[in-house]
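So the chains spell out like this:
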Amino acid sequence: MTAEAAEILGVSQTTLRKYAESGKIPVRINPANGYRLFLRSDLKQFLRAVQQSAKKRSKTT
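An account of the accompanying structure is given in this report. (Residues numbered from 1 in each chain as written. Predicted model: local features only at pLDDT ≥ 70, side-chain atom pairs only at ≥ 80, totals over all residues. Heavy atoms only, no water.)

Side note on the overall build of the protein
Along its length, the protein carries 3 helices and 2 strands. Going from N to C terminus, the protein has its helices and strands arranged as α-α-β-β-α. Its C-alpha atoms give the protein principal-axis dimensions of roughly 50 × 20 × 20 Å. In the protein, once contacts between residues fewer than 6 apart in sequence are set aside, the share between residues at least 24 apart is 30%. (Helix = DSSP H or I, 4+ residues; strand = E, 2+ residues; numbered from the N terminus. Contact = heavy atoms within 4.5 Å.)

This is how it looks when you write it as structure tokens:
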């Protein structure tokens, strides 16, 4: 769910929702209740991408 996923990423639930809406993180919607669902593997992949991007930026500055 959103709260747990936001905690894993270290961001607010609002930020996580914005990431999902912009396509930065894949989101699935539970058809029974409309809740957003995030796969742990997608969250880990997102964190790796952010870390790699930060490493590249630090090398250029």
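Considering the pattern of salt bridges
When the charged atoms of two side chains lie near each other, side chains of opposite charge can form a pair. Scanning the entire structure with this criterion turns up 2 salt bridges. Residue R40 pairs with E4 through a salt bridge whose shortest N-O separation is 3.0 Å. Linking R40 in helix α3 (residues 40-60) with E4 in helix α1 (residues 2-9), this pair joins segments that are 36 residues apart in sequence. The exposure class assigned to R40 is partly exposed, which follows from its relative accessible area of 47%. Since its relative accessible area comes to 46%, E4 is described here as partly exposed. Between R28 and D42 there is a salt bridge whose closest N-O contact spans 3.0 Å. Here D42 lies in helix α3 and R28 lies in strand β1 (residues 28-29), a separation of 14 residues in the sequence. Take R28: its relative accessible area is 37%, and that puts it in the partly exposed class. The buried category is assigned to D42, whose relative accessible area is 12%. (Salt bridge = Lys/Arg side-chain N within 4 Å of Asp/Glu carboxyl O. Buried < 20%, exposed > 50% of the residue type's maximum accessible area, 1.4 Å probe, protein only.)

Some points on α1
Within α1, burial applies to T2, A5, A6 and L9. An end-on view of α1 places all buried positions within 100° of arc, on one side of the element. Just downstream of α1, G10 is the residue with a positive phi angle, here 75°. (Arc of directions from axis to C-beta.)

Some words on the nonpolar core
If you look at the biggest cluster of nonpolar residues, it comprises 9 residues: A5, A6, L9, L16, A20, I25, F38, L43 and F46. Mapped by element, the contributors of at least two residues to this core are α1, α2 (13-22) and α3. Considering every element that reaches this core, the biggest residue donor is α1, with 3 residues. Setting aside residues up to four positions removed in sequence, F46 forms contacts with L9, Y19, K24 and I25. (Core = buried A, V, L, I, M, F, W, Y, C linked by side-chain atoms within 4.5 Å.)

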